[in-house]
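Examining the three-dimensional arrangement
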Amino acid sequence: MNAIFGIIIILSISLLLFTNPGAVLSAMLSGGEKALSLTLKMVVVYAVWMGMFELLEKSGLSNKISKLLRPINRFLFGPLPEKANDFISLNLSANLLGMSGATTPMGIKAINELEKHENTTYAIAVFFVINATSVQLIPSSILALRTSFSAINPADIILPTILATSLSTLIGILLCKIFLKRKK
């Protein structure tokens, strides 16, 4: 795939060099500037949320969230090891806030913890489906992108996002319940 993109870029730059040589350098510089600006804005958003998760862990609120979500987790995943339940709860909480990229470390820790135990294939599959469909109450990443591109009303996507992600997650969970058997 990288070879295809490389060929496309080389052909595009070659074509531009023959048709409009002055546009090549300005397009490359402005594209780089926009990419750097967007990256910095996204880093700030992620830094804020990662700081929040660190505070949650150090204050003990992550354990309370984990206990609060335990009945929901038991319904969705079946019985879970304590550490896996903690990581899954934080992961799901962060996904609800729309920070799917910031939840990756917690998701990896949850999967690693689940893999240490027997009969967790069902829980891993459901966890993967829920993360792939990702219900978002506050789509923070998309709001940050829309704000960086000066959208008139960046928050006008909140309701459609909630509806779309809720429906996709519900369908994913139902399909897992239908097609995957939980070992007792």
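Further up the page is the structure itself.
All values derive from a computational prediction rather than experimental measurement. (Residues numbered from 1 in each chain as written. Predicted model: local features only at pLDDT ≥ 70, side-chain atom pairs only at ≥ 80, totals over all residues. Heavy atoms only, no water.)

**Some words on the packing of helix 2 (residues 21–59) against helix 7 (residues 140–148)**
What counts here: Interaxial angle, 0 to 180 degrees, is taken between N-to-C directions of lines fitted to C-alpha atoms, where a helix line uses only the stretch in contact. Here a strand is any run of E in DSSP of at least two residues, a helix any run of H or I of at least four, and the numbering for each starts at the N terminus. Throughout, a crossing is termed right-handed when the near helix is turned clockwise from the far one, and left-handed when it is turned anticlockwise from it by less than a right angle. Residue contacts follow a heavy-atom distance rule, with two residues in contact if any of their heavy atoms lie within 4.5 Å.
Running from N to C, helix 2 and helix 7 cross one another at 145°; their axes reach a closest spacing of 10 Å. The two elements helix 2 and helix 7 cross, and the hand of that crossing is right-handed. Residue-level inspection shows Leu38, Lys41, Met42, Val45, Tyr46 and Trp49 of helix 2 in contact with helix 7, the latter providing Ser140, Ser141, Ala144, Leu145 and Ser148.

**Details of the nonpolar core**
Generally speaking, soluble globular proteins have nonpolar side chains that are buried together. Stated precisely, the cut-off is as follows: Nine residue types can take part in a nonpolar core, namely buried Ala, Val, Leu, Ile, Met, Phe, Trp, Tyr and Cys, and a core is a set of them joined through side-chain atoms within 4.5 Å. A simple rule labels every residue: compare its accessible area, found with a 1.4 Å probe on the protein chains alone, to the largest value its type can have, and call it buried under 20%, exposed over 50%, or partly exposed in between.
By size, the foremost hydrophobic cluster in this structure holds 17 residues, and its most contacted members are Phe77, Leu80, Ile88, Leu114, Val126 and Ile130. Put simply, the parts of the chain that give this core at least two residues each are helix 3 (61–77), helix 4 (82–96), helix 5 (104–115), helix 6 (121–133) and helix 8 (158–179). The element that contributes the greatest number of residues to this core is helix 6, accounting for six residues. The contacts of Ile88, once residues within four sequence positions are left out, are Asn73, Phe77, Leu80, Ala110, Leu114 and Phe127. In terms of nonpolar packing, the next biggest core, distinct from the first, is built from 10 residues, Trp49, Phe53, Leu56 and Met99 among them.

**Details of the layout of surface pockets**
Over the atoms, a rolling probe the size of a water molecule traces out where space has been left empty. Inclusion rule: Grid points spaced at 1 Å and placed over the protein atoms alone form the basis of the search, with a cavity being a set where a 1.4 Å probe fits but cannot get out and a pocket an open set showing protein on both sides within 12 Å along at least five of seven lines. Lining residues have an atom within 4 Å of a point. Grid points are joined across faces, edges and corners, and a volume is the space filled by probe spheres set on the points. Gly is placed with the polar residues, together with every amino acid not listed as nonpolar (Ala, Val, Leu, Ile, Met, Phe, Trp, Tyr, Cys and Pro) or charged (Asp, Glu, Lys and Arg).
In this structure, the largest pocket spans a volume of roughly 340 Å³. As for the largest pocket, its lining consists of 17 residues, and the residues nearest its centre are Ile72, Leu76, Ile130, Val135 and Thr169. For the lining of the largest pocket, the element with the most residues is helix 8, which contributes six residues. Residues that form the lining of the largest pocket fall into these classes: 11 nonpolar, five polar and one charged. Of the pockets and cavities examined, the second largest pocket occupies roughly 150 Å³. Lining the second largest pocket are Met50, Phe53, Glu54, Glu57, Phe87, Pro105, Met106 and Lys109. Every element with two or more residues in the lining of the second largest pocket is listed here: helix 2 and helix 5. It is helix 2 that contributes the most residues to the lining of the second largest pocket, four residues altogether. The class makeup of the residues in the lining of the second largest pocket is five nonpolar, no polar and three charged.

Treat this as a map of the structure, not an account of what it does.
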